[in-house]
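# Coordinate inspection notes
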There are 4 protein chains.
Amino acid sequence: MSVELEDIHEECGLFGVWGHHDAAHLTYFGLHALQHRGQEGAGIVANDHGSLAGHRGLGLLTDVFRDETEMRRLKGDGAIGHVRYATSGSKNVENIQPFLFRFHDGDYALCHNGNLTNCTSLKRGLEAEGAIFHSNSDTEVLMHLIRRSDKPTLMARLKEVLPRVHGGFAYLLMTNDALIGISDPNGFRPLELGRLPGGAYVLASETCALDVVGAQFVQDIGPGQIVTVDDNGYSIETYVPDPQLSICSMEFIYFARPDSNIYGINVHSARKRMGARLACEAPVEADMVIAVPNSSLSATCGYAETSGLPNEMGLIKNQYVARTFIQPTQELREQGVRMKLSAVRGVVEGKRVVVVDDSIVRGTTSRRIVRLLREAGAKEIHMRISSPPLRYPCFYGIDISNTKELIAAKMSVSEICDYIGADSLAFLSLDGLVESIGMHEDAPYGGLCVAYFNGDYPTALDDYEEPFLGSLPRSERERLRREWRCSDYRHDAGVGK
Amino acid sequence: MSVELEDIHEECGLFGVWGHHDAAHLTYFGLHALQHRGQEGAGIVANDHGSLAGHRGLGLLTDVFRDETEMRRLKGDGAIGHVRYATSGSKNVENIQPFLFRFHDGDYALCHNGNLTNCTSLKRGLEAEGAIFHSNSDTEVLMHLIRRSDKPTLMARLKEVLPRVHGGFAYLLMTNDALIGISDPNGFRPLELGRLPGGAYVLASETCALDVVGAQFVQDIGPGQIVTVDDNGYSIETYVPDPQLSICSMEFIYFARPDSNIYGINVHSARKRMGARLACEAPVEADMVIAVPNSSLSATCGYAETSGLPNEMGLIKNQYVARTFIQPTQELREQGVRMKLSAVRGVVEGKRVVVVDDSIVRGTTSRRIVRLLREAGAKEIHMRISSPPLRYPCFYGIDISNTKELIAAKMSVSEICDYIGADSLAFLSLDGLVESIGMHEDAPYGGLCVAYFNGDYPTALDDYEEPFLGSLPRSERERLRREWRCSDYRHDAGVGK
Amino acid sequence: MSVELEDIHEECGLFGVWGHHDAAHLTYFGLHALQHRGQEGAGIVANDHGSLAGHRGLGLLTDVFRDETEMRRLKGDGAIGHVRYATSGSKNVENIQPFLFRFHDGDYALCHNGNLTNCTSLKRGLEAEGAIFHSNSDTEVLMHLIRRSDKPTLMARLKEVLPRVHGGFAYLLMTNDALIGISDPNGFRPLELGRLPGGAYVLASETCALDVVGAQFVQDIGPGQIVTVDDNGYSIETYVPDPQLSICSMEFIYFARPDSNIYGINVHSARKRMGARLACEAPVEADMVIAVPNSSLSATCGYAETSGLPNEMGLIKNQYVARTFIQPTQELREQGVRMKLSAVRGVVEGKRVVVVDDSIVRGTTSRRIVRLLREAGAKEIHMRISSPPLRYPCFYGIDISNTKELIAAKMSVSEICDYIGADSLAFLSLDGLVESIGMHEDAPYGGLCVAYFNGDYPTALDDYEEPFLGSLPRSERERLRREWRCSDYRHDAGVGK
Amino acid sequence: MSVELEDIHEECGLFGVWGHHDAAHLTYFGLHALQHRGQEGAGIVANDHGSLAGHRGLGLLTDVFRDETEMRRLKGDGAIGHVRYATSGSKNVENIQPFLFRFHDGDYALCHNGNLTNCTSLKRGLEAEGAIFHSNSDTEVLMHLIRRSDKPTLMARLKEVLPRVHGGFAYLLMTNDALIGISDPNGFRPLELGRLPGGAYVLASETCALDVVGAQFVQDIGPGQIVTVDDNGYSIETYVPDPQLSICSMEFIYFARPDSNIYGINVHSARKRMGARLACEAPVEADMVIAVPNSSLSATCGYAETSGLPNEMGLIKNQYVARTFIQPTQELREQGVRMKLSAVRGVVEGKRVVVVDDSIVRGTTSRRIVRLLREAGAKEIHMRISSPPLRYPCFYGIDISNTKELIAAKMSVSEICDYIGADSLAFLSLDGLVESIGMHEDAPYGGLCVAYFNGDYPTALDDYEEPFLGSLPRSERERLRREWRCSDYRHDAGVGK
């Protein structure tokens, strides 16, 4: 993952199987391919002829399942699993999913990727009716709503309650006799359906997890869709009248593994096109292009090939840096001890260097990179960012909830350039981004959510709207209110309606 | 690291400091940058005003030093540390270094990177005199010889006994009042001297570890040199009359981190030149070039830039694959479950692909890669290897001790091509390798050891000579005997002389 | 703990503090003294000026809190903690307490010792209203009831809902501003109030935990009482009109630590009196008395002193036996390998031995003990049990829920004697037990619950009544129905009526 | 173990098997029964048809062998194992035994219980000849001597070198084809031979380990004996002309498990006789006798029965206290928090109490016990110690090497009584001790070493003599020199003479 974007966190990875006699193991390997989507915790629930059993814990998947001991308990033909991203404050096993709920009329396992915009309101309402919450996560809310619905079937209950749940979400729900995948009405978070050779079906956050278990891609689970997999195969229904795709563009820019495809578009290729477009939009005379390992490798390749500049390894990331609890003291840091990223003097010394990175969040990492390269003797340093400036928070499942953290929300490009100490700085244009990804959807921004760049949120912000707008300067606040695409929808929606 | 070369193991990484009040921490960070050289075990010994204390254990450095608990015991101004490579059979903490020896007249800590060719003979002789060995490692042998010498000073003892120790080695030895680094008479294994801002000196297997602790490069410790660092600074002496550099070419091809320099040559740049040369020597009409992550990234870049073909990400390595104890069963593997390497269908489907890898050992990995790419729809697959075929074992510290494992010792290039299932296969020529690295030393092969490619071992093989020659066909055996460069030296040397 | 009674498990140990600046540490030490009441898991929740934070995990307290890392997060003046007993099937961290519930109007931490007789009915009713359960434990039920009450204050809510919760329970509930302890209307499970020198108050399952933290005993929290501790001190209220003490007699016989006092009676002394009474009721001519370590040490002392026979160490328990994962194979067991209990040949060989144990559950352990002693050469073996035969299950928090497991429910004393292979066997009489404990309460059985011995359950059995009676022979069933003390109360109560 | 004697540590426990197909598992279970002899580390080496493999680590046996993973590697018909005692300074895995030595002519595994008096001299001499030492332990010395002997057979070598090794020791040595046990010329440390039903032989430090694996006692390995077990059975030889038994009396007083027999004497029974004798020698009018759990239980029983006083449980030890890393702060300790030992107020309040303990080392624990009992309301406290005052260090394997630590070396009995705050204090007489144990050997002190009580060391003290005598007052020094039993032997012996 890019150094800079380590500040941004995806909300999780999901994987589920139905119809394979070794479902838990497949889920393990599927989650393994999704580990980049979350390292705080992991869990698996398996379905052994209608009896659900689970195991979950803090840490990487390989920490949670150290050996076969726990796997042996997870028997059966169906399973769902989850990897969860790391935040500082909430390292509690309570929040690790899938959650397992036991009722007298059956068990449910549920896990979730995303963020609900009206979660606080929903919780407040549910608490008023006596509901109890064990975790901080949004996931419990859906289960409460399902259980309080008086519809006769689970599908009827889902169709009733899902429209009340706003925001970005992909859910996997396993009951005693089915595996169900759910995407929000905008399809913010990806969810992919695949088929194993023997006929079992697989649901995963990314196609790379389908590949890893040998499943063939069937289709993306699109906005507002519910896919049900049971012993009879799969079926797909839609629970909102007018779903409109706004898939998170950060999946293309940073989150997804380069070998994943989203709506038919390969992520590596999209990134390479972003780099190529950036080379056209912001060329520079230089001796070489270098990547910030690992996430900007594809974009750097595109930049280098289009610009004709050589692609060099000017920065190295220590691949063993994770889980290193011993950190340099302040004194050692000042003496130049650094563990994670090294500039390659033998490559950059005396050279004019273009550094391609995928984004700038706070600017501190870019600043560190520029300093490293200067110390290693680089003569000129030109930062090129293969996405537009991040100016607005995300409320749909990426952990950028605060504009105060975003340097581009506070500074102009040339101020950022000064701050990070580069000789020049350029970002990819929003059009450049949309066209490089190239979804060709008949939808705003080609079916992408680009709200972090321009504030054009595709849904009402519900509980977040007031505090968010309040945090903005007046002119900006008014501009957004005026321009918001779906303001009607937004203002019609709201909790409790 | 490359998938293929995971079959080859470096013997270790060394790091030492003298004259810094936080020597053990610096050693920790230095070893951290050398972790790619060995993952089986790690250890550090620190020198607190003449009193040596150490800690070592199995696993990665971060396993051995989980928190500050052990580090707190390792006080003092001097320290040496070691990371050890992983082999299957010898996971015993006995073999983890540095070794700490306590005598009534002082303590010694010793660690070692390399392999002695006359170790068995030396051990046999020492045992006959009553010596006791605790480990399988060659390291103890040197300490026995030192202690049995009757010279009055340590330096005199070293000069007496080092000529009796044959093969490839870099030693770090710490006594109560000095840090000593030793290189074998051919300088097979790299050893680098650096200087910290405050005046402390650092010795490390690679310059990347100097960079990480903020040390400035001073010089390579060359063949036959002993460097002594104490409170008065450093001094270098030579203990053989005619040292001749034959540094291991695999350091450039595979082992060393791309940001390291060896004899002034940057490893990434050398690799890129190998790839560029390979593009000239073995061009092919194709749609793209792809790397086998991670070690062939540089060579692939060179190949792509010289050939003018686009450099694409056609193979992905799961960065979380290490330490995964749960492996797919045979059945799951046959169903297509694979954890480590994925081919990117969205990139390679329907394409003619050049795959650049750094070497072929057994051929099984190349075969797997070709199959992965075929399954992902690649139309043509052209393997290009950025080094010559590996035909002979190494006896100087790389774990290829058996020709039977080397596919190129048994098959022609076209047979290998058939075996791995590629559409074409080509290796870099030996001249191409030597010129790409470009040492320009006035020495055979530019000062490189290339014996794995042509059998031209720069030293006598001692204990290994008979079994090695015996394993060869007669004609080959005779050719080697005839051509061996230093046969006189070889036949003059031998144990006990 | 006695070997035999390892088959019986207490439901847990509770500890809470209010008003001490290091509340979490005190709770740690208090739980440490209660570890004998549960080894499956442990947890602590601390209250830092109204903000609750917790940590819990599987295993012993020392596994869950390995070092100060987690403790440092648990700041504040109030804390509650829990140790949970071990059962085979439910090793899930979900069930480890205290549970921490977060509501928009404040946090609650709750833990529980005991068992509710109407839990299934309550859960069924709550589920019908949409409630969701995360754990198997009875604890969540109370929180659901509290949250669904529409009374204005927490105390009013408690008084409303506690009468709906039947069975045996001690609860500790911590809110943002108070620590609350609750005992069921029969006081089945002990709960003790103490006072620290500085004025802080402590609640604990046993007085031994008060002693360990230096607290002075204040009073037992009796049947139907709620004690509230806040910054103003403590107050006690009663929530049922006619509480009647029936404290679990197994606390005296087996569970409680010998240094604890219950209603003013020291447990060791009570056990010693049981042994002395047993010596009167069932004397035998023999050479020595021996204990089954550790729980029958006190009773054995009493038997020996009253009988005048020497008290010898004829059986030894390996104190390191816990957490030994490597067990003898069947073959090694047959060859005589045994890890846990050894007979002391040098003591018992050729001797007539009285073995005092505290109870017989399944009889398998007694049988093993007799065999061990025979193999060690004992000439005669007379088993003396310092409590009456266990014939009926407990529904109030001891894990004997099945008459089928109880040998005394199926066999007469002389049949048991044959089964275990002893020369004679005698149990303490029920009168003997009650008088030895000597509560002198003006209540049936002196305020003790002795239902496991005679079926005289002090409350309605609610959800358990039908299956329990159904498992009995008809005559027994009728006898019980006829004799049940509180049949009116029982048949008036019950959920859903 | 007694609280007071936790200050004294045994040097280890040994266990070996020859001729059983599951030798490593038997060794595991045998060591498990010897765990009380050492908790710092453990190891096992197994012999699989002449090939030796081992595993060892820090911590309890159950930490070192957590599951079957390591055991599976330890195949074969022979095995030896070791548990090592805990000292503060030397927690290095280097010192954990058995040591495994590999030579071209075979492997040796060696472990050791005891202490050599001339180890420093021997090491100095060996180092002068070039020997290298890896550990602090005395064990390596023997291996060096064996390997330097030029005798043709191992037995001849042993007979040559064992007389040069002075002090207290039991060794287990396993070669490719035999298991050998060795006892020092005084038999200071116990070593027991047993026979399994199938004909395999077992050697162990205590008979309790024979019992646990189902082995029948064969004989004690006496002073100066070497027992060799191989595929032909066992044979015993003696390597010194005039062995004389002086077995460590602390084995009877404190170290050995009560179910062990030493030279036919049951340890529990011996302790009970010590208590009975103490009741005769030092009676007191009181209300009860109480033990300091766990090691004085037997002696307390003897005191109680002889005195006619009731035996009560006035002190409780928390059985979960081991491995508790979180300790009360000084502040909490002052507030009365204590984890390990509790006084039972309900038992001792207002009573005159006799406390029986097995020894007093520094006096701090006795002082703490008296304080605890006073705080719990005891009216009078009479300490009775079931062994004589410890006045002199042990040089044969018990970790009391410093008279400065021994309160009885500095104070009279009445001064100690004042220091600990008891109402009276009495120790068992030396005659009382010897007669209670009752070895009836025709040897000084009935074949016991009682040097810690009277300074009458049965051997020369070699390297320790000068510093020890130098630490004594002149008169004491002269008395000892004058009275030393074996002064001739002592002054004839000595290294290098």
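Scoring rules and cut-offs
- For every chain, the first residue of the written sequence is number 1, and numbering continues from 1 along that sequence.
- Chain A is the first chain written and ligand 1 is the first ligand written, with later ones labelled in order.
- Local features in this predicted model are restricted to residues of pLDDT 70 or higher, and side-chain atom pairs are both shown and tallied only at a pLDDT of 80 or more, whereas totals for entire chains, interfaces and linings draw on every residue.
- The side-chain values count all of the structure's non-hydrogen atoms but skip hydrogen atoms and water molecules.
- UniProt positions are given in the numbering used here, feature names are shortened, and annotations may be inferred rather than shown by experiment.
- Only the stretch in contact is used when a helix axis is fitted, and all axes are lines through C-alpha atoms; the angle between N-to-C directions ranges over 0 to 180 degrees.
- Helix and strand definitions here come from DSSP, where helices need a minimum of 4 consecutive H or I residues and strands a minimum of 2 consecutive E residues; each element is numbered from the N-terminal end.
- The sense of a crossing depends on the near helix, which, turned anticlockwise from the far helix by less than a right angle, makes the crossing left-handed and, turned clockwise, makes it right-handed.
- Residues count as neighbours in contact if any of their non-hydrogen atoms are within 4.5 Å of one another.
- Throughout this entry, Asp, Glu, Lys and Arg are counted as charged residues, while Ala, Val, Leu, Ile, Met, Phe, Trp, Tyr, Cys and Pro are counted as nonpolar. The remaining residues, Gly among them, count as polar.
- We place the copies in one frame by least squares, fitting the C-alpha atoms of every residue whose pLDDT is at least 70 in both.
- Centres within 6.5 Å make a pair out of two Phe, Tyr or Trp rings, where for Trp the six-membered ring is used; the pair is then stacked when the planes are under 30 degrees apart, edge-to-face when over 60, and tilted otherwise.
- Accessible area is worked out with a 1.4 Å probe on protein chains only. A residue is then buried under 20% of its type maximum, exposed over 50%, and partly exposed in between.
- Sitting over a ring, as applied to charges here, requires NZ of Lys or CZ of Arg to be within 6 Å of the ring centre and within 35 degrees of the ring normal.

Going by an unreviewed UniProt entry, chain A carries the name Amidophosphoribosyltransferase and comes from Bifidobacterium bombi DSM 19703. Entered under Sequence similarities (unreviewed entry) in the UniProt record, the comment concerning chain A runs "In the C-terminal section; belongs to the purine/pyrimidine phosphoribosyltransferase family." What UniProt states about chain A under its Pathway (unreviewed entry) heading is, verbatim, "Purine metabolism; IMP biosynthesis via de novo pathway; N(1)-(5-phospho-D-ribosyl)glycinamide from 5-phospho-alpha-D-ribose 1-diphosphate: step 1/2."

A word on the packing of helix 9 (residues 267-281) of chain C against helix 16 (residues 430-437) of chain C. All names here are of chain C. For the pair helix 9 and helix 16, the least separation of the axes is 8 Å and the interaxial angle reads 140°. As for the relative orientation of helix 9 and helix 16, their crossing is right-handed in sense. Residues A270, R273, M274, R277 and E281 of helix 9 pack against D431, G432, L433, E435, S436 and I437 of helix 16. Counted by class, the contact of helix 9 with helix 16 contains four nonpolar, two polar and five charged residues.

The pair of chain copies shares a relation made of a rotation about an axis and a shift along it. Superposing chain B onto chain A requires a rotation of 180° together with a translation of 0.1 Å along the rotation axis, leaving an RMSD of 0.1 Å. What the rotation and shift describe, once combined, is the action of a two-fold rotation axis. Counting the interface residues of chain B, we find that 100% of their copies in chain A are interface residues as well, pointing to one common contact surface.

Applying the stated rule across the entire model yields 56 aromatic pairs over all chains. Look at Y457 of chain B and F468 of chain B: their rings are 5.6 Å apart centre to centre, the planes differ by 80°, and that puts the pair in the edge-to-face class. Of the two residues, Y457 of chain B sits in the loop between helix 16 (451-454) and helix 17 (465-470) while F468 of chain B sits in helix 17, which places them 11 residues apart along the sequence. Here the two residues Y457 of chain B and F468 of chain B agree in accessibility, since each one is buried. Here the aromatic cluster, defined as three or more aromatic residues joined through ring pairs, consists of F188, F395, Y396, Y457, Y464 and F468 of chain A. Over the ring of F103 of chain A we find R147 of chain A; its NZ or CZ atom is 3.5 Å from the centre of that ring. Sitting over the face of the ring of Y419 of chain A, R367 of chain A holds its NZ or CZ atom 4.3 Å from the ring centroid.

This brings us to the arrangement of the chains. In this structure chain B stays clear of chain C, and the shortest span between their C-alpha atoms is 11 Å. Separated in space, chain A and chain D share no contact, their closest pair of C-alpha atoms being 11 Å apart.

A separate point is the UniProt feature "binding site: Mg(2+)" (unreviewed entry) in chain A. Residues and elements named next belong to chain A. Here the UniProt feature "binding site: Mg(2+)" (unreviewed entry) sits at S295, D357 and D358. Spanning 64 residues, the annotated positions come together in the fold, the maximum distance between their C-alpha atoms being 7.8 Å. Tracing the sequence through the fold places S295 in the loop between strand 17 (288-291) and helix 10 (297-307). Accessibility expressed as a relative area gives 9% for S295, which makes it buried. The topology assignment puts D357 in strand 21 (residues 352-357). Of the residues examined, D357 reaches a relative accessible area of 0% and is grouped as buried.

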